[in-house]
Number of protein chains: 2
Amino acid sequence: MSKLLIVGTVAFDAIETPFGKTDKILGGAATYIGLSASNFKIDSCIVSVVGEDFPAEDLEMLKSKNIDISGIEVVKDGKTFFWKGKYHNDLNSRDTLVTELNVLANFKPIVPDHFKDADVVMLGNLHPSVQLSVIEQMEKKPQLIVLDTMNFWMDNTWDELIEVLSKVDVVTINDEEARQLSDEYSLVKAAQKILQMGPSYVVIKKGEHGAMLFDKDNIFFAPALPLEEVFDPTGAGDTFAGGFSGYLANTGDISFSNMKNAIIYGSNLASFCVEKFGTERMTTLTKDDMQERLGQFRKLTQFEIEIP
Amino acid sequence: MSKLLIVGTVAFDAIETPFGKTDKILGGAATYIGLSASNFKIDSCIVSVVGEDFPAEDLEMLKSKNIDISGIEVVKDGKTFFWKGKYHNDLNSRDTLVTELNVLANFKPIVPDHFKDADVVMLGNLHPSVQLSVIEQMEKKPQLIVLDTMNFWMDNTWDELIEVLSKVDVVTINDEEARQLSDEYSLVKAAQKILQMGPSYVVIKKGEHGAMLFDKDNIFFAPALPLEEVFDPTGAGDTFAGGFSGYLANTGDISFSNMKNAIIYGSNLASFCVEKFGTERMTTLTKDDMQERLGQFRKLTQFEIEIP
């Protein structure tokens, strides 16, 4: 089976939305990526760090999803990364109320030997130097390296970000960040500029407005599934990335036309993530749920017009 | 040939965008609708009003596109409706600088006898009582009545708007207006509430984020074509409506699956409109341009995943 290496945070989140609030619950980019990718027949491994306060049952839950957790370091006497946020009424924006880096402050990822030949590497949003150190540990050039990043690193670690960008195949980024990174307002122009920084593919995530895939010659667009209610957007972007990278690891085909399918699967899985608080919906998701929703995506976007 | 009756403004616009500005040029909802619909083999007729200051060559241009202008009243000594606006840098919002209603203030549309049996009626954005008076003049129940409206009428003529809504088959409206009309934030819920007000179909226009079609049981989504440069968004919504109604008049098929095609053609034509100032691009557009872009829409949105 293909191997997917996932690097990112495993964390606690406390979330407030117009529909309710939670105490500290399981969160973190690698958690969402791993749960989402676990819907494909692949071997995956999370590299991350948690504190001694991290519940054993959460690690067990990840293991039960066939995720290798030998790369999750547990720091003795350490405390797990914690984020607390509150969403505004439209759920499109949020305020960060608390960020406690804790053990993440000194995170030096160590890739387990048996994943140094991973086929696909999914680098969750982290300091670009940390992302780079993972790439340098790989003993075999991966078929595909996917990088997620955010505006914070553009503001604070520009040079390091540019360096790691030059070493990856796909970057996933949201629309505002794509504009910031490229200094172009048009997303078409922004993507073309970012492609010149190294990646062969750019994925621009637009939240409720869908996602776009660009290479030098092609553009593909997938909408977000229109939902009656979005309950909690936390983790939707990471769930998208997990579906995207998991599908590509599973199929081993990195052509543009198969990447389109990966975008659809990413959007498919993200549409479940937002239905409940935190990871709740992702832990109960079945293959049937996913296949049924694929049919909905088809109905939503496919048309047949004969060109006369 | 099928008959399309178009009711709306024929006007002067003065436009300022980050890319330049114009003096008074040809504009108005019915103008854009008519030019867009003229790309289909149909008989169309515009019902509108202009002043004596309106250039004969603009009327001739409409005629040359096979648009019947016998329903455009020219008011002696009257002045044509004039709108002046300035777009912000992102082109997603604009300020209205001048609105001179002029002859539009007393507009009483008179449907020419030979279009009282039109197959499709496209009611551009106007006072709902004016829209209603057109419906009442029809001698044969049209196969389809499409209504465009805006927040101004929700704020000022709610009861009249609700009345005309109950008498049409399709309403086109933007996302913020759909939320205002329904008092629901979720567009899925908003559309369902609006469907209960009378129309069998709701089209929600989201500008650069595409357009959605709803009936009681189905949703379809079409993106806007990603463009390197949007030059002037004026008239894009009306051009969309013209492509939508023109395609439906031409095909005579008002099933959901053919309405999907109409949404694609509307989006297709709107993507040309924004490439130049005002109506400029629409007057030079060829069938080949339109068919080529249909191929681009296909590449942008169509995918093939086998459901295992």
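An unreviewed UniProt entry lists chain A under the name Sugar kinase, from Neptunitalea chrysea.

To continue, consider the side chain of Ser48 of chain A. Residues and elements named next belong to chain A. Locating Ser48 in the fold gives a position in strand 5 (residues 43-51). For Ser48, a relative accessible area of 1% puts it in the buried group. In this structure the side chain of Ser48 is engaged in a polar contact, spanning 2.6 Å, whose partner is the backbone oxygen of Gly8. Among the polar contacts made by the side chain of Ser48, one reaches the main-chain amide nitrogen of Val10 at a distance of 3.1 Å. Excluding residues that lie within four positions of it along the chain, Ser48 makes contacts with Gly8, Thr9, Val10, Gly71, Ile72, Glu73 and Phe107.

Once that is clear, we can look at the packing of helix 6 (residues 175-182) of chain B against helix 7 (residues 187-195) of chain B. Residues and elements named next belong to chain B. Where helix 6 contacts helix 7, the two axes come as close as 9 Å, and the packing angle between them is 60°. The pairing of helix 6 with helix 7 is recorded here as oblique in orientation. Crossing geometry of helix 6 relative to helix 7 is assigned as left-handed. Packed against helix 6, whose contacting residues are Asp175, Ala178, Arg179, Leu181 and Ser182, the element helix 7 presents Leu187, Ala190, Lys193 and Ile194 at the interface. Within the contact of helix 6 with helix 7, the residues separate by chemical class into five nonpolar, one polar and three charged.

Moving on, we get to the relation of the copies chain A and chain B. The operation relating the two chain copies consists of a rotation about an axis and a shift along that axis. Expressed as a screw transformation, the operator carrying chain A onto chain B has a rotation angle of 180° and an axial translation of 0.0 Å, and the superposed copies differ by an RMSD of 0.0 Å. Expressed as a symmetry operation, the mapping of one chain copy onto the other fits a two-fold axis. A high fraction, 100%, of the interface residues of chain A reappear at the interface in chain B, so the copies pair face to face through one surface.

Turning next to the side chain of Arg293 of chain B. With respect to the helices and strands, the residue Arg293 of chain B is situated in helix 11 (residues 287-301). If near-sequence neighbours (up to four positions away) are discounted, Arg293 of chain B is found in contact with Leu225, Leu227, Asn268, Ser271, Phe272 and Glu275 of chain B.

This paragraph deals with helix 5 (residues 158-165) of chain B. All names here are of chain B. By the burial criterion, the buried members of helix 5 are Leu161, Val164 and Leu165. Projected down its long axis, helix 5 shows its buried positions confined to an angular sector of 105°, all on one face. Next to the buried residues of helix 5 lie helix 3 (128-137), strand 10 (144-148), helix 4 (151-156), strand 11 (170-174) and helix 6.

Right, let's get into the packing of aromatic side chains. All names here are of chain B. Taken as a whole and judged by the stated rule, the model has 19 aromatic pairs over all chains. Taking the centre distance of 5.5 Å and the plane angle of 15° together, the rings of Phe19 and Phe231 count as stacked. Here Phe231 lies in the loop between strand 14 (219-222) and helix 8 (236-251) and Phe19 lies in the loop between strand 2 (11-17) and strand 3 (20-21), a separation of 212 residues in the sequence. Of the residues examined, Phe19 reaches a relative accessible area of 38% and is grouped as partly exposed.

Moving on, we get to the nonpolar core. Residues Leu5, Phe244 and Ile263 of chain A together with Leu5, Phe244 and Ile263 of chain B are the most contacted members of the largest nonpolar core, which totals 211 residues. Filtering out sequence-adjacent residues up to four positions away, Phe244 of chain A remains in contact with Val146, Val170, Val203, Met259, Ala262, Ile263 and Gly266 of chain A.

The next thing to look at is the pairing of strand 10 (residues 144-148) of chain A. All names here are of chain A. When you tally the buried positions in strand 10, you get five out of five residues, the bulk of the element. Where strand 9 (residues 120-123) and strand 10 come together, four bridges link them in parallel fashion. Across the sheet, the residue bridging to Leu123 is Leu147, located in strand 10. Viewed along the sheet, the connection from strand 9 through helix 3 (residues 128-137) into strand 10 turns out right-handed. Note that strand 10 and strand 11 (residues 170-174) share three bridges and pair parallel. When the bridges of strand 11 are listed, Asp148 appears paired with Thr172.

With that out of the way, let us pick up the sheet that holds strand 10 of chain A. Residues and elements named next belong to chain A. With mixed pairing, the nine strands of this open sheet are ordered in space as 6-5-1-9-10-11-12-13-14. Edge positions in the sheet fall to strand 6 (67-75) and strand 14 (219-222), since each of these pairs with one other strand and no more. Across the sheet, the mean angle from the axis of one strand to that of its neighbour is 15°, orientation sign disregarded.

Residue and element names in this part refer to chain A. Mapped onto the elements of the fold, Tyr32 is located in helix 1 (residues 29-37). Separated by 210 residues in sequence, Tyr32 and Gly242 have C-alpha atoms that sit 7.1 Å apart. Ignoring sequence-local partners within four residues, the contact set of Tyr32 consists of Asp13, Leu26, Gly27, Thr234, Gly235, Asp238, Thr239, Cys273, Gly278 and Thr279.

With that settled, consider the UniProt feature "domain: Carbohydrate kinase PfkB" (unreviewed entry) in chain A. The positions UniProt marks with the feature "domain: Carbohydrate kinase PfkB" (unreviewed entry) are residues 21-281 of chain A. Taken end to end, residues 21-281 of chain A has its terminal C-alpha atoms 16 Å apart, with 36% of it in helix and 24% in strand.

This brings us to the sheet that holds strand 10 of chain B. Residues and elements named next belong to chain B. Strands sit in the order 6-5-1-9-10-11-12-13-14 across an open sheet of nine strands; the sheet is mixed. The open sheet is flanked by strand 6 (67-75) and strand 14, the only strands paired with a single partner. The average undirected angle you get between the axes of adjacent strands in this sheet is 15°. Note that strand 11 and strand 12 (residues 201-205) share five bridges and pair parallel. Residue Val170 lies in a different strand from strand 12, and its bridge partner there is Tyr201. Contacts from helix 1 (residues 29-37) reach strand 1 (3-7), strand 5 (43-51), strand 6 and strand 9 (120-123), with the element oriented near 160° to strand 1.

Definitions and limits used
Residues numbered from 1 in each chain as written. Chains lettered and ligands numbered in written order. Predicted model: local features only at pLDDT ≥ 70, side-chain atom pairs only at ≥ 80, totals over all residues. Heavy atoms only, no water. Helix = DSSP H or I, 4+ residues; strand = E, 2+ residues; numbered from the N terminus. Buried < 20%, exposed > 50% of the residue type's maximum accessible area, 1.4 Å probe, protein only. Polar contact = N/O pair within 3.5 Å; in protein donor to acceptor, adjacent residues only side chain to side chain. Contact = heavy atoms within 4.5 Å. Axes fitted to C-alpha atoms, helices over the stretch in contact; angles between N-to-C directions. Parallel < 35°, antiparallel > 145°, perpendicular 65-115°, else oblique. Left-handed = near helix turned anticlockwise from the far one by under 90°. Nonpolar A, V, L, I, M, F, W, Y, C, P; charged D, E, K, R; others polar. Least-squares fit on C-alpha atoms with pLDDT ≥ 70 in both. Arc of directions from axis to C-beta. Phe/Tyr/Trp six-rings, centres within 6.5 Å; stacked < 30°, edge-to-face > 60°. Core = buried A, V, L, I, M, F, W, Y, C linked by side-chain atoms within 4.5 Å. Pairing = 2+ DSSP bridges. Right-handed = clockwise from strand over helix to strand, strands pointing away. UniProt positions renumbered as here; feature names shortened; annotations may be inferred.

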